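# Structural description and commentary
Spelled out from the first residue to the last, the chains are:
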Amino acid sequence: METGKLLYEGKAKKMYETSDPDILLIEYKNSLTAFNAQKKAEMEGKGRYNTLISAWLFSYLAEKGIPSHFLKRLDDTHQLVKKVQILPIEVVVRNITTGTLCRRLGVTEGMKLPRPLVEFYLKDDALGDPLITEDHALLFGWAKQDEIDSIKRTSLAVNEILQDLFLSKGIVLVDFKLEFGRDSSGNVLLADEISPDTCRFWDSQTGKSLDKDRFRKDLGDVLGAYREIWKRLSGKEE
Ligand code: ADP
Ligand code: TMP
C-alpha cells in the first residue's frame, strides 16, 4: 500500500492517507509531551515501543471480542488503521485515584475505587481538554445517546480485560484514556492508541510507575518503563 498525503501531525503521531480511502497509515513519533504540550522532549525508541505495545493490545482486545480501528502493524513505527471520524471526547477510566482527579477534587492519592470511574473530557487542546458531563456531550452534539452508551460499555469492558491481563503480568492498571470514532458505516469504533502514553501502570510489587508519569514527574528512565511494559507483554527483551 502506498503512503499518501500527510493528513495530520499531532503531538505523538502522524496520520497519512493511503490508496484506500477507508484506511490510514499511522506513524508513531518519538516526541513526548505532557500538560497539554507545555513540557516536551524527544526520546529515541519511544515511538517503536508505543507502536508495538498498542498493536499488541488492540490485537489482544480483538481476540477478546472488542473490535477497534487497528488493522495491521507494518514495521517498528507504522500501523494501518480504519479511518474514522474521531468523536471529540476523551474517555478516562480510573481504578485508583491519582493525577488530575486528585488535583481537581482534593481526594487522597492512591485510593482503590469501589468500582471503575468513567469520565469524559472534551478533546480540545486550546481549552486544555476540560472535564465534561454526558449532558454536555449530548446537548452540544459531540455524541448521541446510543454512542455514549456504547462508549461507556466498551470502555468498562476494555478495563476488565486489560486489568486482568496486566495483573497477570505483575502490573496494576491504574487508569487510561480511550478515543472512539465513527467508521464509514456510522458504527462507533475504538480508535487511537493504548500505550504507556495513554495509561498509568504501576508495578504490583514495588508500585513503581511504568508509564509517561516518569516523564511528567521527572522520575527518570522513561524509555526503560516503556521497554518493561513491552517485555512483560511480549516476553521480548527489546
Ligand atoms: P494529538 O492530536 O492529541 O496531538 P496524536 O499525535 O496521537 O494526538 O495524533 C493522532 C490523531 O489522530 C489524534 O487526534 C487522534 O484522535 C486521531 N486518530 C486516531 N485514530 C484515528 C483513526 N482511526 N482515524 C482518524 N483519526 C484518528
Ligand atoms: P489525568 O489524571 O492526567 O487526567 O490522566 C488520566 C489518564 O488519561 C492517564 O492514564 C493518562 C491519560 N491521559 C492521556 O492519555 N492523554 C491526556 O491528554 C491526558 C490528560 C491524560
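This text goes with the structure placed above it.
Okay, so let's go over this structure. (Residues numbered from 1 in each chain as written. Chains lettered and ligands numbered in written order. Predicted model: local features only at pLDDT ≥ 70, side-chain atom pairs only at ≥ 80, totals over all residues. Heavy atoms only, no water.)

### Here we look at the site of ligand 2
With respect to spatial proximity, 13 residues lie near ligand 2, and among them Arg94, Thr100, Asp175, Lys177 and Arg200 are the closest. Arg200 places a polar side-chain atom, nitrogen or oxygen, 2.9 Å from an oxygen atom of ligand 2. Protein coverage of the free-state accessible area of ligand 2, which is 450 Å², stands at 79%. Spatially, ligand 2 is embedded in the largest pocket. Elements supplying a minimum of two residues to the shell around ligand 2: strand 9 (89–96), strand 12 (171–182) and strand 14 (199–203). (Near = heavy atom within 4 Å. Polar contact = N/O pair within 3.5 Å; in protein donor to acceptor, adjacent residues only side chain to side chain. Areas by Shrake-Rupley, 256 points an atom, 1.4 Å probe, with all protein chains shown as cover. 1 Å grid on protein atoms, 1.4 Å probe; cavity = no way out; pocket = protein on both sides within 12 Å on 5 of 7 lines; lining within 4 Å. Sits in = over half its atoms within 2 Å of the grid points. Helix = DSSP H or I, 4+ residues; strand = E, 2+ residues; numbered from the N terminus.)

### Observations concerning the site of ligand 1
With respect to spatial proximity, 17 residues lie near ligand 1, and among them Tyr8, Lys11, Ala12, Lys13 and Glu179 are the closest. Take Ala12: an N or O atom from its main chain is 2.6 Å from an oxygen atom of ligand 1. Contact distances for ligand 1 include 2.6 Å between an oxygen atom and a side-chain N or O atom of Lys13. Contact with the protein chains hides 89% of the accessible area of ligand 1, taken as 560 Å² for the molecule alone. In this structure the site holding ligand 1 corresponds to the largest pocket. Elements represented by at least two residues in the shell around ligand 1 include exactly strand 2 (13–18) and strand 7 (78–82). Here the residues of the shell around ligand 1 sort into eight nonpolar, two polar and seven charged. (Nonpolar A, V, L, I, M, F, W, Y, C, P; charged D, E, K, R; others polar.)

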